[in-house]
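Fold and contact review
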There are 6 protein chains.
Amino acid sequence: MRPSGRAPEQARDIKITRHYTKHAEGSVLIEFGDTKVICTASIDESVPRFLRGQGKGWVTAEYGMLPRSTGSRMSREAARGKQSGRTVEIQRLIGRSLRAAVDLEALGERQISIDCDVIQADGGTRTASITGACVALADALNTLVENGKLKASPLKQMIGAVSVGIYEGHPVLDLDYPEDSAAETDMNVVMTDKGGFIEIQGTAEGESFNQDEFDAMLKLAKKGIEELFELQQAALAE
Amino acid sequence: MRPSGRAPEQARDIKITRHYTKHAEGSVLIEFGDTKVICTASIDESVPRFLRGQGKGWVTAEYGMLPRSTGSRMSREAARGKQSGRTVEIQRLIGRSLRAAVDLEALGERQISIDCDVIQADGGTRTASITGACVALADALNTLVENGKLKASPLKQMIGAVSVGIYEGHPVLDLDYPEDSAAETDMNVVMTDKGGFIEIQGTAEGESFNQDEFDAMLKLAKKGIEELFELQQAALAE
Amino acid sequence: MRPSGRAPEQARDIKITRHYTKHAEGSVLIEFGDTKVICTASIDESVPRFLRGQGKGWVTAEYGMLPRSTGSRMSREAARGKQSGRTVEIQRLIGRSLRAAVDLEALGERQISIDCDVIQADGGTRTASITGACVALADALNTLVENGKLKASPLKQMIGAVSVGIYEGHPVLDLDYPEDSAAETDMNVVMTDKGGFIEIQGTAEGESFNQDEFDAMLKLAKKGIEELFELQQAALAE
Amino acid sequence: MRPSGRAPEQARDIKITRHYTKHAEGSVLIEFGDTKVICTASIDESVPRFLRGQGKGWVTAEYGMLPRSTGSRMSREAARGKQSGRTVEIQRLIGRSLRAAVDLEALGERQISIDCDVIQADGGTRTASITGACVALADALNTLVENGKLKASPLKQMIGAVSVGIYEGHPVLDLDYPEDSAAETDMNVVMTDKGGFIEIQGTAEGESFNQDEFDAMLKLAKKGIEELFELQQAALAE
Amino acid sequence: MRPSGRAPEQARDIKITRHYTKHAEGSVLIEFGDTKVICTASIDESVPRFLRGQGKGWVTAEYGMLPRSTGSRMSREAARGKQSGRTVEIQRLIGRSLRAAVDLEALGERQISIDCDVIQADGGTRTASITGACVALADALNTLVENGKLKASPLKQMIGAVSVGIYEGHPVLDLDYPEDSAAETDMNVVMTDKGGFIEIQGTAEGESFNQDEFDAMLKLAKKGIEELFELQQAALAE
Amino acid sequence: MRPSGRAPEQARDIKITRHYTKHAEGSVLIEFGDTKVICTASIDESVPRFLRGQGKGWVTAEYGMLPRSTGSRMSREAARGKQSGRTVEIQRLIGRSLRAAVDLEALGERQISIDCDVIQADGGTRTASITGACVALADALNTLVENGKLKASPLKQMIGAVSVGIYEGHPVLDLDYPEDSAAETDMNVVMTDKGGFIEIQGTAEGESFNQDEFDAMLKLAKKGIEELFELQQAALAE
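What you are looking at is a predicted structure, and each value in this text was computed from that prediction instead of being measured.

1. Examining the sheet that holds strand 6 (residues 159-167) of chain E
Reading across the sheet, the eight strands line up as 7(E)-6(E)-8(E)-9(E)-9(F)-8(F)-6(F)-7(F) and stay open at both edges, with antiparallel pairing between neighbours. Edge positions in the sheet fall to strand 7 (170-173) of chain E together with strand 7 (170-173) of chain F, since each of these pairs with one other strand and no more. On average, each strand axis in the sheet is inclined to that of its neighbour by 15 degrees, with strand direction left out of account. Sheet topology note: the strand 6 (residues 159-167) of chain F/strand 7 of chain F ladder contains four bridges and is antiparallel. Considered in strand 7 of chain F, the bridge of Gly165(F) is made with Val172(F). Sheet contacts for helix 6 (residues 211-237) of chain E: strand 6, strand 7, strand 8 (185-192) and strand 9 (197-204) of chain E together with strand 9 (197-204) of chain F; angle to strand 6 of chain E, the most-contacted strand, approximately 145 degrees. Along the sheet face, helix 4 (residues 125-146) of chain F touches strand 6 and strand 8 (185-192) of chain F and points at about 165 degrees away from the line of strand 6 of chain F.

2. Some details on the UniProt feature "domain: Exoribonuclease phosphorolytic" (unreviewed entry) in chain A
Taking the numbering used here, the UniProt-annotated feature "domain: Exoribonuclease phosphorolytic" (unreviewed entry) corresponds to residues 10-140 and 158-224 of chain A. Taken end to end, residues 158-224 of chain A has its terminal C-alpha atoms 15 Å apart, with 30% of it in helix and 43% in strand.

3. Overview of the interface of chain E and chain A
Between chain E and chain A, the contact holds 37 residues from the first and 37 residues from the second. A buried area of about 2800 Å², summed over both sides, lies between chain E and chain A, and 47% of it is on carbon and sulfur atoms. For the chain E face of the interface with chain A, the top three residues by lost area are His23(E), Arg68(E) and Arg76(E), together amounting to 25%. Measuring nitrogen to oxygen at the nearest pair gives 2.6 Å for the salt bridge that ties Glu25(A) to Arg68(E). One can count 25 residue pairs in polar contact (both at pLDDT 80 or more) joining chain E with chain A. Mapped by element, the contributors of at least two residues to the side of chain E that touches chain A are strand 3 (35-44), strand 4 (58-65), helix 1 (77-80) and strand 5 (111-120) of chain E. If one sorts the elements of the side of chain E that touches chain A by residue count, strand 5 of chain E sits on top with six residues. Looking at the side of chain E that touches chain A residue by residue, the classes come out as 13 nonpolar, 12 polar and 12 charged.

How each quantity is defined
Residues numbered from 1 in each chain as written. Chains lettered and ligands numbered in written order. Predicted model: local features only at pLDDT ≥ 70, side-chain atom pairs only at ≥ 80, totals over all residues. Heavy atoms only, no water. Pairing = 2+ DSSP bridges. Helix = DSSP H or I, 4+ residues; strand = E, 2+ residues; numbered from the N terminus. Axes fitted to C-alpha atoms, helices over the stretch in contact; angles between N-to-C directions. Contact = heavy atoms within 4.5 Å. UniProt positions renumbered as here; feature names shortened; annotations may be inferred. Buried area = accessible area lost by both parts, 1.4 Å probe. Salt bridge = Lys/Arg side-chain N within 4 Å of Asp/Glu carboxyl O. Polar contact = N/O pair within 3.5 Å; in protein donor to acceptor, adjacent residues only side chain to side chain. Nonpolar A, V, L, I, M, F, W, Y, C, P; charged D, E, K, R; others polar.

Structural data, given as structure tokens:
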């Protein structure tokens, strides 16, 4: 039934490559099938103005797509001079999600900047970004311990995210682009590895969805995110 | 327990004033307690370029706040030359929600522009905007029938929206500003008057939320939105 | 002769509603007939950089129109990323006019930000803005006295403004939109309640005007503004 | 009494140099004493979108100052990415003034773009711009006749402009920078060579002005502009 | 003598990976040592406005760096709303260089958009971009033949580019970042595989350079670019 | 052979007028035939943030063209809100070139801002700008000595620049617009009066150039720049 031949509850092949580029304190290439995102975490020893003098840190995120990461070329946001509404929406979601991973008081007055840049897109770029960026974030926080700046990592919990949806009337896990563009409902779920929810964003495209559909999607999402936490742990253990 | 003394499942006083300004095809002042939003619906007899020649219409939305609608003055977005990320996120939500109200094929090649401008803010401006704008939209669609441009209104269903959250450990309906700024979790729910979901956006602030909390919030939201549909019907019946 | 049936020297019904919104130190809804403007005055306990350390205060103003305050929808300046030339011209006029109302030395190093937002337009929005904003300004200055920040209000004089023009060959007071768009000459006059002029801006549209026409318009303006001062005083006395 | 030693009713030395640069259809260097402005008029054989198909032409104007035309260097508007409010206000005034010089129906569907660029500033740049640009405009309109595009020049009348003000309590003509920055009142007057007014803009700086002061200033302006018309005629006769 | 231990005439290890991402008609990862750039070539079946109706095609280029491709994080150009002067300069150089590779008449009215995105920077990103983008361009032009849109590839010649410089008094080939930031002179040379020069850009940093130094640098550049053409050919032969 | 009738090695008439405008510390009108550029040098007693506290000065440059300095009117960059890529490229070249003229340590923590504004364009505006701006720079540096701010001028050497190219197969010096738009190769050379090179930028337009053509162009450039140094010296000696 699915264009890829996957079972409804089957995610794509997911790969996490740490230390993908050499400059960032955390740098990860995450692949959800053909979706590929470079996620970096950069430490800045100061905080934005609104937080100065409060002894707290901050985590912020930016998101971008290479112009030809997609089937037809998109115009370059830097050249247009403006980030699209979709970009703004996604980077705000990534930032909120990853702030939940960190004890900001323990981080102290420094900021972690997350950059998620999609080099190839095939659906699910925002959930891949969150999942990969959390590994980069964990690595960056560890460098603060290695450099003697902090006694212990201020990482509170790992964060994972996956998309689910109703495709041709059935709930499916981890939509790729052909599914995403045809789905009746699309939902992004962000969770902690302790089982809590950070964000649930379900959106009807065209027709509304009902409680049963919602419950089925949420169940698939929980299962899918559990698998992500195993992959994150395996990557961090290497 | 609530700063306003309201019961957990009690919404604020809600007022819907139609024909609030004279130029727009639909013009509504909606009040959720001290939150006041002017919602207008404007008909444009053409569609954006990406839709031309497809025989379909479109509904789009923009959102703004007067600089001193809030406790301390915000800078004016027109003067800064840029809409904030929050503004972009909200107006995309309003647009998606209201497109679900309309049969876009039946609308034909015309666009309805929704403008939601907050003149006084006290929490819940985005849900008030959606709820009020749907009434303005219904009025605007009716003018198309009155002017002989359409035989019947392309309105498929009414849309209502409310916020719910976990405040001091308890699920509460329709958060005002003091609650919103202190809530552990904040959720916006958009539904149709046929009982379907259009959008569920739950966000943990600080701590994550669990399935029971989510279920309790969603139940409150359903109840609150049902009341909104009655108020919308009463207003449209006048 | 006038589309509204008014006599040449007759202004529209003018209403001033104080405390229109709850957050601003001064908040006024002013109505010149169908023209409705929300005017707020916000106190900021610091001055712009160019004035720091000089012991003087400042009054600045911004102006905007809701996109559908007009007969056909205008694009939203915040979305376009730019204020129009007309907007810039008007807000500079409002700022200059209201600075004349205040003893800036007595105000001390603080800034009053005036926001004039047109929610319904029918001609004369800039003169309505100035007239209403002066009441909001008086209220805001009084809060400085009530809060013990100043011993006495630094208000030097009240400011009022009205438009006059040559319509179908005759001088008329307080043009509404049908008159404004057909007038041969349009003039905005700003005065103090002590009888001085702050600003005279007369503009020929199409044909030039002569000295007699100018004198007749100025006489009408003086009369009209005198009435405004009475309305301002009555509103402030409530 | 005046810093320059001029009599109150004495304008500065005014020079008009036609054909100052070689590409523009009209190109004038105008000097009001040390104020020097290059004014060009460029013909474009199409009109802006809002005028297409109406058989009418248009005159528009832009204004700029070289960054070091002034005593201390101003930032370059092109580099800042934004024209200042003052620039916008001035170029709108120039455009309105020069449209009064031309029979737009007779011009046909073409646009004249006026550019006024200040290369050295010493007060009165906007009135020098209008006065010089009208000569450039006359030249540009004549090329349309010379090229056989029009049978007769659509020039209806010449336009001149001068500033007047109250300086140390006395009305003076054609303020230079030291006077302008100290003047109590500043007024710009734009007239036609048939004696009509196009624009009167009087602004109090600090203290208000009264009717007598206004009348005295206007009288000086009329006298000054008459001299400008002679200089324009002499320049065009060469 | 060189920080990397390379001989003066020794380039870094250079790798060219074709088909690096799946959507673009040409997609190459080029590595000059630790400098890594994704180069894509995208076909657009229309040309910019200034070329329409002339039967000619166009090649244009854009360049960007991921924010953390560098040692310390740079701000994201899309977020700042502006491309830096350096970015503009580089993308213009890439575009000019690659237009020399193509017979634009034979290409017909279509445009090739080159995107060069640096994912890791260690000096020489602009020359790596040109060298890699030419391979992507060759691939994209071949798809036009494969799809039957053209009978033969309009590729006239291959283009390669390398940097040379004076480092600690000696001419060296292919500067890495430590050399680049300390070099007295930096020169970028772009050549065709027929031995012609497309662009020579030599820049003194601090001290000027003399004819002998220039000649030595140019000789190194020729040798280095010859090696690049072999690597391009080997990659295209796979 | 040349449209102007000049010999291949013959530059245009070059004129340097010092003290062209009165406010700037250095102000020069330079004319290369019909190309006319106003070059000013302005002293600012502070440096950009990235240099503060290092005891060094800075030289920066901006470039602009009056909208009708060219054959057909260009849109005004300040109105468009963006400098073109060409403008950015040129002003970066001017800045780099003139920094080579000054001992930045001896200058101390102050910045010289160079403004080059083209009032009439006929090819070679960037090389005229560099050549004229160096005279303005020398004048500005001398005022620092005259005002007692520095004991000696920090001018290290004079800088001159000229364009050369291949026109109809022959190397020619100092291209005017008709030559520039038809040239096969265009090269800009910047040198010091001590004989060193600061910048060599050779660009093939269409066909590539070979070593012999390059050598011939460079020889012409050296000769042409030597003449410029004589003209600069003569102007500074006045």
